[in-house]
Amino acid sequence: MPRSPVKVTAGRVTRSLKQQVGILGTAIGVVWVTHGMNLALGGVLFSFGIIPRTAVGLRGLLFAPFLHANTAHLMANTLPFVMLGWLVMLRDARHFVPVTLYAMLGSGLAAWLLGAPGSVHIGASGVIFGYLGFLLLGGWYARSAMSIVLSLLVTAVWGTLVLGVVPGEAGISWQAHLGGVVAGVLAARSYRKR
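Please read these numbers as outputs of a predicted model, since none were measured by experiment.

*Asks:* Can you tell me about the overall build of the protein chain, naming the residues and giving the values?
*Replies:* Per the secondary structure count, the protein chain includes seven helices and zero strands. C-alpha atoms of the protein chain, sized along the principal axes, occupy 65 × 35 × 25 Å. For the protein chain, with 194 residues in total, the buried portion stands at 42%. Partitioning the intrachain contacts of the protein chain with sequence separation of at least 6 by distance along the chain shows that 76% fall at a separation of at least 24. A total accessible area of about 10,500 Å² is found for the protein chain, and carbon and sulfur atoms account for 74% of it.

*Asks:* Tell me about the side chain of Ser119, residues and numbers included.
*Replies:* Following the sequence through the fold, Ser119 ends up in the loop between α4 (96-114) and α5 (125-142). Polar contacts involving the side chain of Ser119 include one to the side chain of His121, which spans 3.0 Å. When near neighbours in sequence (up to four residues on either side) are disregarded, Ser119 contacts Ile50, Ile51 and Pro52.

*Asks:* Please set out the packing of α4 against α5 residue by residue, giving values where relevant.
*Replies:* Orientation of α4 relative to α5, taken along the N-to-C sense of each, is 120°, at an axis distance of 8 Å. What the angle tells us is that α4 and α5 run oblique. Handedness of the α4/α5 crossing: right-handed. Together, Phe96, Val99, Thr100, Ala103, Met104 and Ser107 of α4 and Gly126, Val127, Gly130, Tyr131 and Phe134 of α5 make up the contact between the two elements. Among the residues forming the contact of α4 with α5, the class breakdown is seven nonpolar, four polar and no charged.

*Asks:* Help me get a handle on the packing of aromatic side chains, residues and values and all.
*Replies:* Here the structure, examined in full by the defined rule, presents four aromatic pairs. Ring geometry for Phe81 and Tyr131: centres 5.6 Å apart, planes at 50°, overall tilted. Taken together, the residues span a long stretch of sequence, with Phe81 in helix α3 (residues 71-91) and Tyr131 in helix α5 at a distance of 50 residues. Take Tyr131: its relative accessible area is 0%, and that puts it in the buried class.

*Asks:* Now, about the nonpolar core: what can you tell me, with residues and values included?
*Replies:* Among the nonpolar cores identified, the biggest contains 26 residues, and Phe81, Leu84, Tyr131 and Leu135 are the most heavily contacted of them. Take this core: its biggest share by element is eight residues, from α5. If we ignore the near neighbours within four places in the chain, the residues touching Leu84 are Ile128, Tyr131, Leu132, Leu135, Val154 and Trp158. Core analysis: the next-biggest nonpolar cluster, separate from the first, contains five residues, Ile50, Ala64, Ala111 and Trp112 among them.

*Asks:* Quick one: what's the story with α3, residue by residue and with numbers?
*Replies:* Along its 21 residues, α3 runs 30 Å from first to last C-alpha, staying within 8% of the 30 Å computed at 1.5 Å per residue. Taken together, the buried positions of α3 are Leu74, Asn77, Thr78, Pro80, Phe81, Leu84, Gly85, Leu87, Val88, Met89 and Arg91. Measuring from the backbone nitrogen of Ala72 back to the side-chain oxygen at the start of α3 gives 3.2 Å, which picks out Asn70 as the cap.

*Asks:* Pulling in residues and values, what's your account of the pattern of salt bridges?
*Replies:* All told, the structure shown has one salt bridge when counted by the stated rule. One salt bridge in this structure joins Asp92 and Arg94, with 2.7 Å as the shortest N-O distance.

*Asks:* Outline the environment of Tyr131, listing residues and values.
*Replies:* When the C-alpha positions of Tyr131 and Val182 are compared, they lie 10 Å apart, and in sequence the two are 51 residues distant. Excluding residues that lie within four positions of it along the chain, Tyr131 makes contacts with Phe81, Leu84, Gly85, Val88, Phe96, Val99 and Thr100.

*Asks:* Can you explain unusual backbone geometry? Please cite residues and give values.
*Replies:* Of note in the backbone geometry, Arg53 takes a positive phi value of approximately 55° without being a glycine. The topology assignment puts Arg53 in the loop between α1 (5-40) and α2 (60-63). On the basis of relative accessible area, Arg53 is assigned to the partly exposed category, the value being 40%. In this structure, Arg143 is a non-glycine residue whose phi angle is positive, near 55°. As for its position among the elements, Arg143 is in the loop between α5 and α6 (145-158).

Basis of the calculations
Residues numbered from 1 in each chain as written. Predicted model: local features only at pLDDT ≥ 70, side-chain atom pairs only at ≥ 80, totals over all residues. Heavy atoms only, no water. Helix = DSSP H or I, 4+ residues; strand = E, 2+ residues; numbered from the N terminus. Buried < 20%, exposed > 50% of the residue type's maximum accessible area, 1.4 Å probe, protein only. Contact = heavy atoms within 4.5 Å. Areas by Shrake-Rupley, 256 points an atom, 1.4 Å probe, with all protein chains shown as cover. Polar contact = N/O pair within 3.5 Å; in protein donor to acceptor, adjacent residues only side chain to side chain. Axes fitted to C-alpha atoms, helices over the stretch in contact; angles between N-to-C directions. Parallel < 35°, antiparallel > 145°, perpendicular 65-115°, else oblique. Left-handed = near helix turned anticlockwise from the far one by under 90°. Nonpolar A, V, L, I, M, F, W, Y, C, P; charged D, E, K, R; others polar. Phe/Tyr/Trp six-rings, centres within 6.5 Å; stacked < 30°, edge-to-face > 60°. Core = buried A, V, L, I, M, F, W, Y, C linked by side-chain atoms within 4.5 Å. Expected span 1.5 Å × (residues − 1). Salt bridge = Lys/Arg side-chain N within 4 Å of Asp/Glu carboxyl O.

The structure is reproduced here in structure tokens:
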């Protein structure tokens, strides 16, 4: 006897949700474990952050999103990372890794190019801003009903985050935020409906 289309669809949704939870849980788990290791090592891993306009500072393109100044910094980034990362996957799970890489590269390069000499840029907020840029303009480029609704929802709930791309509070890398948003928009553009 053939299975009901409703059961098949529910099974796919459940598998997809489990996969999304697994991916986000693993990513956040790695960040929290890295933070714990850095605390145990007395902050030695901060040297793997982005150090503007230095050759050694370029390694921060890979490592900076996993490093956080303190537990409050990490907690402040955890919820937006999970929420916006999940919305990227909700739009299309295949976009999560490429958008994350775009955001890491864009936010890292902006911090490396525009950051103050001798500063060290760390944290996942550049990636979060990459997700934000991707989601804000994803509907415009994809021109699908779901993407447009998602863009409007993200604009209504998270739109004020965009203010983080202008210089403001000391110790917050507006450069990484700006680079992340630009990279997210470029990622959205790369998935535009042709």
